[in-house]
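Next come the chains, spelled out residue by residue.
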Amino acid sequence: MPQTRPINSAEKQNFETLISAIKADHACLMSVFDHHAQKPVVMICAVNRHPQETDEFEFVPLAVLCDGDPYSQFMPPMQEGSQ
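Presented here is an overview of the structure given in this document.

What counts and what doesn't
Residues numbered from 1 in each chain as written. Predicted model: local features only at pLDDT ≥ 70, side-chain atom pairs only at ≥ 80, totals over all residues. Heavy atoms only, no water. Patch = residues over 30% accessible without salt bridge, like charges linked within 9 Å, V, L, I, M, F, W, Y side chains within 5 Å. Areas by Shrake-Rupley, 256 points an atom, 1.4 Å probe, with all protein chains shown as cover. Salt bridge = Lys/Arg side-chain N within 4 Å of Asp/Glu carboxyl O. Helix = DSSP H or I, 4+ residues; strand = E, 2+ residues; numbered from the N terminus. Buried < 20%, exposed > 50% of the residue type's maximum accessible area, 1.4 Å probe, protein only. Expected span 1.5 Å × (residues − 1). Polar contact = N/O pair within 3.5 Å; in protein donor to acceptor, adjacent residues only side chain to side chain. Pairing = 2+ DSSP bridges. Axes fitted to C-alpha atoms, helices over the stretch in contact; angles between N-to-C directions. 1 Å grid on protein atoms, 1.4 Å probe; cavity = no way out; pocket = protein on both sides within 12 Å on 5 of 7 lines; lining within 4 Å. Points joined across faces, edges and corners; volume = space filled by probe spheres on them. Nonpolar A, V, L, I, M, F, W, Y, C, P; charged D, E, K, R; others polar.

### Focus on a nonpolar patch on the surface
Turning to step 1, where the next piece is worked out: A cluster of nonpolar side chains, Leu29, Val42 and Leu65, forms an exposed patch at the surface whose accessible area comes to about 250 Å².
Turning to step 2, where the next piece is worked out: Structurally, Leu65 can be placed in the loop between strand E3 (56–64) and helix H2 (70–73).
Turning to step 3, where the next piece is worked out: With relative accessibility at 38%, the residue Leu65 sits in the partly exposed group.

So this is what it looks like as structure tokens:
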């Protein structure tokens, strides 16, 4: 049976950052290149605006969107005792 792993505190914090950014309308989609997979992907980023610094923006990567059918790519976690 495939194993899952616990969600760590940094991942939980990234999720909270994502929720906050979306609620504040400070999120965007960005097309980027995945060096490991050697292909373009779409990333969800939080956007930090720095108006005091010549109105610059900082994009904070938070998640990559699934490429293709996520239902065929991922298996949901199994409950203990399930097969």
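### A short note on helix H1 (residues 9–23)
Turning to step 1, where the next piece is worked out: Over its 15 residues, H1 extends 21 Å from the first C-alpha to the last, a length consistent with the 21 Å expected when each residue adds 1.5 Å.
Turning to step 2, where the next piece is worked out: Residue Asn8 occupies the N-cap position of H1, its side-chain oxygen lying 3.0 Å from the main-chain nitrogen of Ala10.

### Details of the sheet that holds strand E2 (residues 39–50)
Turning to step 1, where the next piece is worked out: With antiparallel pairing, the 3 strands of this open sheet are ordered in space as E1-E2-E3. In this open sheet, the two edge strands, each paired with only one partner strand, are strand E1 (27–34) and E3. Across the sheet, the axes of successive neighbouring strands diverge by a mean angle of 45°, strand direction being ignored.
Turning to step 2, where the next piece is worked out: The pairing of E1 with E2 spans 8 bridges and is antiparallel. The residue bridging Asp34 from the neighbouring strand is Lys39, located in E2.

### Topic: the pairing of E2
Turning to step 1, where the next piece is worked out: Where E1 hands over to E2, the hairpin turn is made up of 4 residues, of which Gln38 adopts a positive phi near 55°.
Turning to step 2, where the next piece is worked out: As paired elements, E2 and E3 share 8 bridges and run antiparallel to each other. Counterpart to Ala46 in the pairing with E3 is Val60.

### Re the layout of surface pockets
Turning to step 1, where the next piece is worked out: Approximately 350 Å³ is the volume found for the largest pocket.
Turning to step 2, where the next piece is worked out: Looking at the largest pocket, the residues that line it are Glu11, Asn14, Phe15, Leu18, Ile44, Leu62, Ala63, Val64, Leu65, Cys66 and Phe74.
Turning to step 3, where the next piece is worked out: If you tally residues by element for the lining of the largest pocket, the top one is H1, at 4 residues.
Turning to step 4, where the next piece is worked out: Of the residues assigned to the lining of the largest pocket, the class counts are 9 nonpolar, 1 polar and 1 charged.

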